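Chain and residue survey
One-letter residues, chain by chain:
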Amino acid sequence: MRSLPTLLFYDSMILCYAIGVATALTFLAGVYQVLMGIFHLGFVSMYLSEPVLDGFATGASVTILTAQVKYLVGIKIPRAQGYGVLITTWVNIFSNISQANVCDVITSTICITVLVTAKELGDRYKDRLKVPLPTELIVIVMATLVSHYGQLKEMYGSSVSGEIPTGFIPPQVPSLTLMQRVAVDALPLAIVGFAFTISLSEMFAKKYAYTVKANQEMFAIGFCNIIPAFFHCFATSAALAKSLVKASTGCQTQVSSLVSAVVVLLVLLFFAPLFFSLQKCVLACIIIVSLRGALRKFKDLPQRYRLDRVDALVWCVTMLSSALISTEMGLLVGVVFSILCIIGRTQRPHAALLGQIENTVFYEDEEEYTNLLPVPRVKIFRFEAPLYYANKDFFLKCLHNKTGFDPTIEIARRKKAKKKGQPNSHKGLEHGDTGLSLVTKPRDIQAIIIDCSSIPFLDTAGVSALKETFKDHQEWKVTVLLACCSPCVIASLERGGYSASANKNMHELVFHNIHSAVQFVKERKTTADDSVV
């Protein structure tokens, strides 16, 4: 058997190695974040939409609340790790609820009542209060005094903070050898840390009406990891619970962070022993009460659903993923799902036929408005999305369904009619001509006008789809015109050779507005009728 000094030596060696790995990981994460700021990769924050941020904040709040429940009731359960922490923690809580400490339960009830009442009064009379009430500080001081002089730990077995180590470990340069080993692991840590920080920054920026510069935040987070790495610190990022506590106490400027840092420094150096008797349930109450703003977002879900069902679905998916899987994975799932919803919206967008508002030059959706006048022998089609490779087939399908004319089907019918007429073709071409006359172009369609006002851009597949549409309809003497094209769309058409493929000038194919295209069709019809006469 090994002696006790030997075991202590091994334990100290393992602890030193663990600290070395943590500092190397922290240093590299900070370096990666600074590099991301230098290369202006902060643009990824634009994918953190409002439903994603709100869902993430609510899901993370549920996770934090769950982690604090064991302190509220004074039970000891193993700390759950990995995915599904929420469910595992609640299972452990209900399995050990019979061991709840009555003293902690009573203390938690009193503290939550005091804190919530103070917060509600502060919100109601905040215009009259020049300085926010330091309710949290008062509760901590009073609870510490009651716990110390009432001997709650000795008499009732209440869980207290206990001995808090004071002082600092001497600074040390992170190990270069360990950096090589954790270089890959530090990259996802840097990305997740930035995502956490920027998501919370955007959430509070929206609440307090200021802007966030993502690249500047990247630099700030990076240096907040690089410099503390020399002082044996863990990788840092924004913390929802602490941020909400500061926001609920009325902190508004960076001076509050300076004050907090000074207080923490004084506690680490001098005042830590004074909090020996502070009950853990009191700290848990402060954290839980600070979460009430994020948890109130559950009440906004019905209104969000009425405004936009897709946004409500994104909120639910992000919230459930953050709560049931993990906060890191929840944020990633929310962003990916939000992007997929955008792609889904562009793949199957709304399409409609337009009719003319009487005695005006304006045209609107026939399904949304009443008393619209159809333009004789002209179909006006609107496609409300970019036209690109993922939705070009849906564009063609909608165009054919709305206009009631599919050139491909008509060509197939013509070929079928030819085959039926071939047995009698040796007697003459009359039967073949008769078969063809049965499948000629419907005479109620002279032109199709595509309203491009809702098409922000085209890719090569989109240009090809328009060229194909023009060519297929041209065989049946149906003119296809484009209206309300943006400069970007016109440039794509010119680069794709749209006018060249149609053997016409661009001004005969593209018009500034729908009414100009309609007038062009009517003038051509009038000219054709005059020439026949």
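Residue numbers run consecutively from 1 along every chain, following the written order of its sequence. pLDDT decides what is reported in this predicted model: residues at 70 or higher carry local features, side-chain atom pairs at 80 or more are listed and counted, and totals for whole chains, interfaces and linings draw on all residues regardless. Each side-chain value is worked out from all heavy atoms of the structure, with water and hydrogens disregarded.

**Observations concerning the overall build of the protein**
Put simply, DSSP H or I for four residues or longer makes a helix, DSSP E for two residues or longer makes a strand, and each gets a number counted from the N terminus. Secondary structure summary: the protein contains 22 helices and seven strands in total. The criterion used for residue contact is that any of the two residues' heavy atoms lie within 4.5 Å. Considering only contacts within the protein whose residues lie at least 6 apart along the sequence, 79% involve residues at least 24 apart. A total accessible area of about 31,200 Å² is found for the protein, and carbon and sulfur atoms account for 63% of it. Residue burial considers only the protein chains on display, and all accessible areas are found by Shrake-Rupley using a 1.4 Å probe.

**Some words on the packing of helix H2 (residues 50-73) against helix H7 (residues 176-208)**
Axis geometry follows a simple rule: fit a line to the C-alpha atoms, using only the stretch in contact for helices, then measure angles between N-to-C directions, giving values from 0 to 180 degrees. It is the contact of H2 with H7, at a shortest axis distance of 10 Å, that shows an interaxial angle of 105 degrees. As far as their axial angle goes, H7 and H2 are roughly perpendicular. Seen from H2, the contacting residues are Glu50, Leu53, Asp54, Phe56 and Ala57; seen from H7, they are Phe196, Ser199, Leu200, Glu202, Met203 and Lys206. Residue polarity is assigned by list, with Asp, Glu, Lys and Arg as charged and Ala, Val, Leu, Ile, Met, Phe, Trp, Tyr, Cys and Pro as nonpolar; anything else, Gly included, falls into the polar class. Among the residues making up the contact of H2 with H7, the classes are represented as six nonpolar, one polar and four charged. When an angle is under 35 degrees it counts as roughly parallel; over 145 it counts as roughly antiparallel; between 65 and 115 it counts as roughly perpendicular; any other value is oblique.

**Thoughts on the confidence of the model for the protein**
Overall, the prediction assigns the protein a mean pLDDT of 83, with 89% of residues at 70 or greater. One number per residue, pLDDT, summarises how confident the predictor is, and it ranges from 0 to 100. Contacts of residues 1-14 to residues separated by more than four positions or lying in other chains number two contacts, the stretch itself having pLDDT below 50. In this model, residues 423-441 is a region of pLDDT below 50 whose contacts with residues beyond four sequence positions or in other chains number 13 contacts.

**Some remarks on the packing of aromatic side chains**
The pairing test for Phe, Tyr and Trp rings, Trp by its six-membered ring, is centres within 6.5 Å, and the orientation test on the planes gives stacked under 30 degrees, edge-to-face over 60, and tilted for anything in between. Using the criterion set out here, one finds ten aromatic pairs in the structure. Centre to centre, the rings of Phe27 and Phe230 are 5.8 Å apart; their planes meet at 90 degrees, and the pair counts as edge-to-face. Of this pair, Phe27 sits in helix H1 (residues 4-38) while Phe230 sits in the loop between helix H8 (214-229) and helix H9 (240-248); the two residues are 203 residues apart in sequence, bridging distant segments of the chain. Residue classification places Phe27 among the buried positions, given a relative accessible area of 17%. In textbook terms, an aromatic cluster arises when at least three aromatic residues are bridged by ring pairs, as seen for Phe381, Phe383 and Phe395. The buried label applies to any residue whose accessible area, calculated with a 1.4 Å probe on protein chains only, is under 20% of its type's maximum; exposed applies above 50%, and partly exposed to all values in between.

**Observations concerning the environment of Val361**
Summarising the element assignment, Val361 is placed in the loop between strand S1 (351-357) and strand S2 (363-365). Counting along the chain gives 152 residues from Val361 to Asn513, while the straight-line C-alpha distance between them is 9.2 Å.

**Structural notes on the side chain of Arg292**
Inspection of the secondary structure assignment puts Arg292 in helix H12 (residues 292-295). Polar contacts involving the side chain of Arg292 include one to the side chain of Glu120, which spans 3.0 Å. In this structure Arg292 touches Lys119, Glu120 and Asp123, once residues within four positions along its chain are discounted. For the purposes of these results, a polar contact is taken to be a pair of N or O atoms within 3.5 Å, where, inside protein, one atom must be able to donate a hydrogen and its partner to accept one; residues adjacent in sequence count only when each atom of the pair is a side-chain atom.

**Examining unusual backbone geometry**
The backbone phi angle of Ala209 is positive, close to 60 degrees, even though this residue is not glycine. Within the secondary structure, Ala209 sits in the loop between H7 and H8. On the basis of relative accessibility, which here comes to 71%, the residue Ala209 falls in the exposed class. One non-glycine residue, Cys484, adopts positive backbone phi at about 60 degrees. Its location among the elements puts Cys484 in the loop between strand S6 (479-483) and helix H20 (487-495). Judged by its relative accessible area of 21%, Cys484 is partly exposed.

**Overview of helix H4 (residues 102-124)**
Each residue after the first adds 1.5 Å to the expected span of a helix. In a regular helix each residue adds 1.5 Å, so 23 residues correspond to 33 Å; H4 covers 33 Å between its end C-alpha atoms and thus fits that length. Buried within H4 we find Cys103, Asp104, Thr107, Ser108, Cys111, Leu115, Ala118, Lys119 and Gly122. Put simply, Asn101 is the residue that caps the front of H4, since its side-chain oxygen is 2.9 Å from the backbone nitrogen of Cys103.

**Observations regarding H20**
An α-helix turns once every 3.6 residues. As a result, residues three or four positions apart point the same way. Of the positions making up H20, those classed as buried are Val489, Ser492 and Leu493. Looking straight down H20, one finds its buried side chains confined to an arc of 100 degrees; they lie on one side. Facing away from the buried side of H20 by over 90 degrees, the exposed positions are Pro487, Glu494 and Arg495. Just downstream of H20, Gly497 is the residue with a positive phi angle, here 70 degrees. It is the directions from the helix axis to the C-beta atoms whose arc is reported.

**Notes on the pattern of salt bridges**
Salt bridges are counted wherever a side-chain nitrogen of Lys or Arg sits within 4 Å of a carboxyl oxygen of Asp or Glu. One pass over the structure, following the stated rule, counts ten salt bridges. The shortest N-O distance in the salt bridge between Arg304 and Asp54 comes to 3.1 Å. Highlighted residues: Arg304 in helix H13 (residues 301-307) and Asp54 in helix H2, separated in sequence by 250 residues. Its relative accessible area of 14% is what places Arg304 among the buried residues. Each of the salt bridges in this network shares a partner with another, and the network as a whole consists of Asp54, Lys297 and Arg304.

**Thoughts on the pairing of S6**
Burial of S6 is extensive: five of the five residues sit out of reach of the surface. Neither face of S6 is exposed, since Thr479, Leu481 and Ala483 on one face and Val480 and Leu482 on the opposite face are all buried. Where strand S5 (residues 447-451) lies against S6, five bridges are found, and the strand directions are parallel. Looking across to S6, one finds that Ile450 is bridged to Leu482. A crossover links S5 with its parallel partner S6, the connecting element being helix H19 (residues 460-474), and its sense is right-handed. In this analysis, strands are considered paired if DSSP registers two or more bridges between them. Handedness of a crossover is defined as follows: orient the strands so they point away from the viewer, and if the path from the first strand over the helix to the second runs clockwise, the crossover is right-handed.

**Description of the nonpolar core**
The criterion is simple. A nonpolar core is a set of buried Ala, Val, Leu, Ile, Met, Phe, Trp, Tyr and Cys residues joined through side-chain atoms within 4.5 Å. Core analysis: the biggest nonpolar cluster contains 33 residues, and Phe381, Phe383, Ile450, Leu466, Leu482 and Leu493 have the highest contact counts within it. Broken down by secondary-structure element, the contributors of at least two residues to this core are S1, strand S4 (378-383), helix H16 (392-403), S5, H19, S6, H20 and helix H21 (498-502). The biggest single contributor to this core is H16, with five residues. Within the second largest apolar cluster, 25 residues are counted, among which are Met36, Phe56, Phe204 and Leu244.

**Topic: empty space enclosed by the protein**
Only protein atoms enter the 1 Å grid, on which a cavity is a set of points fitting a 1.4 Å probe that cannot get out and a pocket is an open set with protein on both sides within 12 Å along at least 5 of 7 lines, lining residues being those with an atom within 4 Å of a point. Grid points are joined across faces, edges and corners, and a volume is the space filled by probe spheres set on the points. Counting across every chain of the model gives one cavity of 30 Å³ or more. For the largest cavity, the calculated volume is near 30 Å³. Around the largest cavity, the lining residues are Leu396, His400, Pro407, Glu468, Thr469, Asp472 and His473. Breaking the lining of the largest cavity down by element, the ones donating at least two residues are H16 and H19. Along the lines of polarity and charge, the residues of the lining of the largest cavity split into two nonpolar, three polar and two charged.

**Things to note about the environment of Pro273**
Its location among the elements puts Pro273 in the loop between helix H10 (255-271) and helix H11 (280-290). Along the backbone, Pro273 and Glu163 are 110 residues apart, and their C-alpha atoms lie at a distance of 6.5 Å.

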